[in-house]
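# Remarks on the overall topology
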Amino acid sequence: MVSIMVAGAKIYTPNGIIDKGVLATQGARIAAIVLKKTRVNSVNYFEFPANYHVIPGFIDLHVHGSHGSDVMDATPAALIKISHALAAMGTTGFLATTMTASASEINAALHNVAACMQQSNLPGAQCLGVHLEGPFISANKAGAQAAAHIQAPNIDVFKQWQQASGHAVRLVTLAPEIPDATALIAYLVSENIIASMGHTDATFAQAEAAIHAGCHYMTHLFNACRAMHHREPGVVTAALLADQVVAELIVDGVHLHPAIIKLALRLKKPEKLVLVSDAMRATCLGDGQFDLGGQAVSVEKGVARLADGALAGSTLTMPQAVRNMLNYTDCTLQQIIQFACTNPANVLGLPQKGKLAVGMDADFVVLDDKFDVVMTVRGGEVVYAA
């Protein structure tokens, strides 16, 4: 018995686009993707216009919060609200991203994520683990991270946090040039945890050494890091040139100029770029006063900044990132799906996610002709309907 059937729209598969196709699920998996023939009478049958798009659910590897809640709130209610909000934006999986804060605050946030994941009580997007952003970062490139709580990399401290998270930490952003970072990188690699260069003042040589040691990911490429220079190429150049490094892009029209996005597309292989939101609690709430990691944030015209002018995360949604990519570049929606869905799944080692094919997880989103979310399905269940 088919659980859900969607029909009529364009279905984006790894082998191409099926016009006016039918996608059917059985339980939590995709059971069939075929050309539309006849209408099926079913309570779980959804018909969409031919100019709508059925794509894999977005997987956001870097998101702090939305709709007034933040991962660092460390409450079940906050994660539930974030999960529901992300589903309304087409995201079916995410890494709950922490901030540089006191050890006790980080510990509380990780315990909360562990409890929510173990209880499987999130109603929308699935929490796929934790992105630990800081506190092992450079004070020179703190950005919107709380500099007072930056600390030196410490394997024992990380082990305590990993235990608190229920071993859910999947990605760690750190500055590879600071003392003891090399040892932590080696430990993370040995534990199959993604070591990421970010909030870093690393030179080109230091970044190359980190990449050689196993740092194969770059948090928000170009942002909160040493800039490129023709005599000291810095960490950005190292990340762009290293084929093994996957790099995040925040395509909100503020963090990166469109020309920089085109440069990254020119230099990185398609499978080595991921779109992230870096969204904070102000997302979808309009302008006003908020906080991020205990620091006051002002949002004006959708741009979040600290009092000193530093960017403080974003208010970007993944559908807007898609629209921006279509406007800023020559990328097709099929190509953008790789950056926003397939590549993030591959980074996390989740081959059953990020693509629409028979046997894959039934995580998908229906977008209208303006790329707004109409419906989100996660694990074969409708978790959002406009």
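Residues numbered from 1 in each chain as written. Predicted model: local features only at pLDDT ≥ 70, side-chain atom pairs only at ≥ 80, totals over all residues. Heavy atoms only, no water.

### A short note on a nonpolar patch on the surface
A grouping of M228, L263 and L267 is seen on the molecular surface, where their side chains present a nonpolar patch of about 230 Å² in accessible area. With respect to the helices, strands and loops of the structure, M228 is situated in the loop between β15 (217-218) and α6 (234-241). You can call M228 partly exposed: its relative accessible area is 41%. (Patch = residues over 30% accessible without salt bridge, like charges linked within 9 Å, V, L, I, M, F, W, Y side chains within 5 Å. Areas by Shrake-Rupley, 256 points an atom, 1.4 Å probe, with all protein chains shown as cover. Salt bridge = Lys/Arg side-chain N within 4 Å of Asp/Glu carboxyl O. Helix = DSSP H or I, 4+ residues; strand = E, 2+ residues; numbered from the N terminus. Buried < 20%, exposed > 50% of the residue type's maximum accessible area, 1.4 Å probe, protein only.)

### Examining helix α9 (residues 333-347)
Look at α9: 20 Å from first C-alpha to last across 15 residues, which is about the 21 Å you get at 1.5 Å a residue. Along α9, the helix axis deviates most sharply at F339, where the bend reaches about 35°. α9 sits mainly inside the fold: eleven of its 15 residues count as buried. Here α9 has its buried residues at L333, I336, I337, F339, A340, C341, T342, N343, P344, A345 and V347. With its phi angle positive at about 70°, G349 sits one or two positions after the end of α9. (Expected span 1.5 Å × (residues − 1). Bend = angle between axes of the 7 residues up to and from the residue.)

### Brief notes about the sheet that holds strand β20 (residues 303-305)
In space, the three strands of this open sheet follow the order β18-β19-β20, with antiparallel pairing throughout. In this open sheet, the two strands that pair with only one neighbour each are β18 (288-292) and β20. Averaged over all adjacent pairs, the angle separating strand axes in this sheet is 35°, with direction ignored. Pairing between β18 and strand β19 (residues 295-300): five bridges, direction antiparallel. Considered in β19, the bridge of G288 is made with V299. (Pairing = 2+ DSSP bridges. Axes fitted to C-alpha atoms, helices over the stretch in contact; angles between N-to-C directions.)

### Considering the sheet that holds β15
The sheet built from eight strands is open, its strands ordered β8-β11-β12-β13-β14-β15-β16-β17 with parallel pairing. Pairing within the sheet leaves two strands with one partner each, and these edge strands are β8 (58-63) and β17 (273-275). The pairing of strand β11 (residues 91-97) with strand β12 (residues 126-133) spans five bridges and is classified as parallel. Residue T97 lies in a different strand from β12, and its bridge partner there is H131.

### Some remarks on helix α5 (residues 204-213)
Those residues of α5 that fall on the buried side of the exposure criterion are A207, A210 and I211. Taken around the axis of α5, the buried residues stretch over an arc of 100°, which confines them to a single face. The outward face of α5, more than 90 degrees from its buried face, is lined by the exposed residues A205 and H212. Looking at the buried positions of α5, the neighbouring elements they touch are α4 (181-190), β14 (194-197) and α6. (Arc of directions from axis to C-beta. Contact = heavy atoms within 4.5 Å.)

### Quick notes on the pattern of salt bridges
Scanning all chains against the criterion turns up eight salt bridges. Residue D361 pairs with R29 through a salt bridge whose shortest N-O separation is 3.0 Å. Within this pair, whereas D361 is found in the loop between α9 and β21 (364-367), its partner R29 is found in strand β5 (residues 29-35), the two being separated by 332 residues in sequence. You can call D361 buried: its relative accessible area is 11%. The exposure class of R29 is partly exposed, given its relative accessible area of 41%. Salt-bridge contacts for K353 lead to D361; the nearest nitrogen and oxygen are separated by 2.9 Å. Accessibility assignment for this pair places K353 and D361 in one class, buried. Because the salt bridges share partners, they merge into one network encompassing R29, K353, D361 and D363.

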